[in-house]
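# Structural overview
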Amino acid sequence: MKSKADVVIIGGGINGCSLAYRLAKKDFDVVVVEKKYLTSGATGACGAGVRQQWSTRENASLAIQSVKIFEQLSKELGQDIEFRQGGYLIAVHDKNEMRQAEKNVAMQRSLGLKVDILPPEKITDIVPILDVKGMRAIGATFCPTDGHANPFKTTFAYADAARKHGAEIITHTQVTGLRTIKKEIQGVVTDQGTIRTNTVVNAAGIDSKAIAAMVNVKLPLTPFRKEIMATERLEPLFEAMVISFKDGIYFSQQKEGQIVGGIPIPEERGGYKTMPTFAFLQHMSQTLTRYAPVLKHVNLLRHWTGFYDVTPDARPILGEVKEIKGFIQCNGFSGHGFMISPMVAQLLTNLIAEGRITEVLENLNLDRFGGNAIEKELSVVG
Amino acid sequence: MKRSIVCRCEDISEEDVIRAIDEGYTDIEELRKKLRIGMGPCQGRVCIQLVARILERKTGKKIAKIPLPTVRPPLVPVSLGTLASEKHEK
């Protein structure tokens, strides 16, 4: 392990690894410290979706720019990340949802996104197995350039490319402390030794809160256990991800053929519990077969849990904190860290390399929770 | 050419596992995520012990010290129709 680095990134998930790659490519001496193995946190448990249809401008623009990077990422990293653009179909169930959908679509279009509002009879043109009556939809929004990628392959590809550019990625190593002198980062203490550095990126998912607490920075993060399931492999049935904000459900068919999807269990509460529940299996299978009755003949193979690190406005915390120089946050992704990771890495690289702060970074700084009114992201599922 | 299958569900051979270990994936969870071993209908009952054995041979780490992947329910495939038909009992 190196004893000195320009930047130490805590957390070997998608955001830690993509940032390590961008920085290493700019000749920064980077070390990633991961407690378990790469993708062992939220990245490895996630639903793999890449969506640009958000209600807040920040999330939408981060996602739109991320898709542009995803589109050429397999080529850039030299490994197939299985990015496929089958679109996202968002069910709209009532007049209130339709009003919000119209607002969202107008904002998304102003950012240059191609997105449409579909009448109910068009829904099965996109996803033939859906039962429009069963899903109680009065319409849908559809963006054809949304899609999904393989979270493991994407993270591993970023990590490999980062190593090629000289980054060191250390797994099974726990951060036990942060060194500061006069409110400036001086180093990272791990159970394998200390690394001297003036820049630390906190990309530790739900553990980010504990990392920040080491230097008395309080992050407003709440862990939410989320459950997700996969079926056996099937012939290709549909390409789009289907989601509903009202029912909380999302599901898609992956490249290998399995259907992967999730839904919040009705009695969901914040906390660090990881046990999967039977309530989820029941609620998921009932809702999924209501949306697509033909799936009742399909076997579910497994279900697992992962965490959303949720902020009060469901938007990430990015950038340097005011209290400690050199302490940069990259967390609070609230369930959509994978899909915006390409652009997050780009913004934080610009910040670290050139001190450049864009409007998006400014709006997503920790200090937004200081008592002012905040705009909450409404388009959340799972 | 001889090809020893380790994971029948995902058609992964011993050579595939060895290559991944050589690339640096030296943990069953990492190998699982790289190769999809244990993600098929058998949920790892066929392959995981074999992979642990290959890992022991390649890395010298004793099989008892190699952590097994998390067990994910249900242990056998169950149809969504069966799961959906269950009424919630208070």
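Per chain, the residues get numbers from 1 upward, laid out in the order the sequence is written. Written order determines the labels here, with chains lettered from A and ligands numbered from 1. Given that this is a predicted model, residues contribute local features only at a pLDDT of at least 70 and side-chain atom pairs are listed and counted only at 80 or more, while totals for whole chains, interfaces and linings are drawn from all residues.

The secondary structure listing takes helices from DSSP runs of H or I that are at least 4 residues long and strands from runs of E that are at least 2 residues long, numbered from the N terminus. Each helix and strand in chain A was counted, giving 11 helices and 19 strands. It is over C-alpha atoms that the radius of gyration is taken, and the globule rule equals 2.2 Å times the number of residues to the power 0.38. Its C-alpha atoms give chain A a radius of gyration of 20 Å, within 12% of the compact-globule value 21 Å for 382 residues. The principal-axis extents of the C-alpha atoms in chain A amount to approximately 60 × 40 × 40 Å. Every C-beta atom is placed from the backbone, and the number of other C-beta atoms within 10 Å of a residue's own sets its class: buried at 20 or more, exposed at 12 or fewer, partly exposed in between. Taken across its 382 residues, chain A has 54% of its residues classed as buried.

Okay, the domain arrangement of chain A next. Residues and elements named next belong to chain A. Domains are outlined according to an automatic or database domain assignment. For chain A, the assigned domains read domain 1 (7–46 + 152–221 + 313–369) and domain 2 (84–146 + 222–309). One C-alpha centre belongs to domain 1, the other to domain 2, and the line joining them spans 30 Å. Note that Gly is not counted as nonpolar here; it falls among the polar residues with everything else outside the nonpolar set of Ala, Val, Leu, Ile, Met, Phe, Trp, Tyr, Cys and Pro and the charged set of Asp, Glu, Lys and Arg. Partitioned by chemical class, the residues of the side of domain 1 that touches domain 2 number 6 nonpolar, 6 polar and no charged.

All names here are of chain A. Only strands that DSSP links by at least two bridges are regarded as paired with each other. Strands sit in the order β9-β10-β11 across an open sheet of 3 strands; the sheet is antiparallel. Only two strands of the sheet have a single partner each, and these edge strands are β9 (175–181) and β11 (193–196). Averaged over neighbouring strand pairs, the angle between their axes works out to 25° when direction is ignored. Pairing of strand β10 (residues 184–190) with β11 involves 4 bridges; the strand directions are antiparallel. All axes are obtained by fitting lines to C-alpha atoms, using only the stretch in contact for helices, and the reported angles, taken between N-to-C directions, cover 0 to 180 degrees.

All names here are of chain A. Tracing the backbone shows asparagine 216 in the loop between α8 (208–213) and β13 (222–233). Exposure remark for asparagine 216: the 9 C-beta atoms within 10 Å place this residue in the exposed category. Measuring from C-alpha to C-alpha, the distance between asparagine 216 and glutamate 323 comes to 9.1 Å, with 107 residues separating the pair along the chain.

The next thing to look at is helix α3 (residues 57–71) of chain A. All names here are of chain A. By this rule the span expected of a helix is its residue count minus one, scaled by 1.5 Å. With 15 residues, α3 should reach 21 Å at 1.5 Å per residue; the first-to-last C-alpha distance of 21 Å fits that figure. Within α3, burial applies to Glu58, Asn59, Ala60, Ser61, Leu62, Ala63, Ile64, Ser66, Val67 and Phe70. Residues of α3 that are buried make contact with β3 (49–50), α4 (73–77), α5 (95–110), α10 (337–354) and α11 (359–363). The contact criterion used is a C-beta to C-beta distance within 7 Å, with each C-beta placed from the backbone.

Our next topic: the pairing of strand β1 (residues 7–10) of chain A. Each regular strand shows side chains that alternate between the opposite faces of the sheet. All names here are of chain A. Residues Val7 and Ile9 point to one face of β1 and Val8 and Ile10 to the other, with burial holding for every one of them. As judged from the 4 bridges shared by β1 and strand β2 (residues 30–33), these two strands associate in the parallel manner. The residue bridging valine 8 from the neighbouring strand is valine 31, located in β2. You can see the chain leave β1, run along helix α1 (residues 14–25) and come back into β2, and the turn it takes is right-handed. Judged from the 3 bridges that link them, β1 and strand β12 (residues 200–202) form a sheet pairing that is parallel. Bridge pairing in β12 places valine 8 opposite valine 200. Handedness is read with the strands pointing away from the viewer; a crossover is right-handed when the path from the first strand over the helix to the second is clockwise.

Right, let's get into the pairing of strand β17 (residues 299–310) of chain A. The element β17(A) is extensively covered by neighbouring structure, given that 9 of its 12 residues are classed as buried. The pairing of β13(A) with β17(A) spans 10 bridges and is antiparallel. When the bridges of β17(A) are listed, Ile228(A) appears paired with Trp304(A). Taken together, the 2 bridges between β17(A) and strand β3 (residues 78–79) of chain B define a ladder with antiparallel strand orientation. Across the sheet, residue Asn299(A) finds its bridge partner in β3(B), namely Ser79(B).

Residues and elements named next belong to chain A. Relative to the elements of secondary structure, methionine 343 occurs in helix α10. Sequence-wise, methionine 343 and phenylalanine 70 are 273 residues apart; in three dimensions their C-alpha atoms are separated by 9.6 Å. Excluding its chain neighbours within four sequence positions, the residues that come into contact with methionine 343 are Leu62, Gln65, Ser66 and Ile69.

All right, on to the sheet that holds strand β14 (residues 241–244) of chain A then. Taken together, 9 strands build an open sheet; the order of strands is β5(A)-β6(A)-β4(A)-β14(A)-β15(A)-β16(A)-β13(A)-β17(A)-β3(B) and the sheet is mixed. Only two strands of the sheet have a single neighbouring strand rather than two, namely β5 (116–118) of chain A together with β3 of chain B. Pairing between β14(A) and strand β15 (residues 250–253) of chain A: 2 bridges, direction antiparallel. Pairing of Val242(A) across the sheet is with Phe251(A), part of β15(A). Strands β13, β14, β15, β16 (258–262) and β17 of chain A of the sheet are contacted by helix α9 (residues 278–291) of chain A, whose axis makes an angle of about 110° with β17(A).

Residues and elements named next belong to chain B. Relative to each other, helix α1 (residues 14–22) and helix α2 (residues 28–35) sit at 115°, their axes nearing to 11 Å. Where α1 crosses over α2, the handedness of that crossing is right-handed. Contact residues: Asp16, Val17 and Ala20 in α1; Leu31, Lys34 and Leu35 in α2. Residues belonging to the contact of α1 with α2 are distributed by class as follows: 4 nonpolar, no polar and 2 charged. Left-handed describes a crossing whose near helix is turned anticlockwise from the far helix by less than a right angle; the clockwise case is right-handed.

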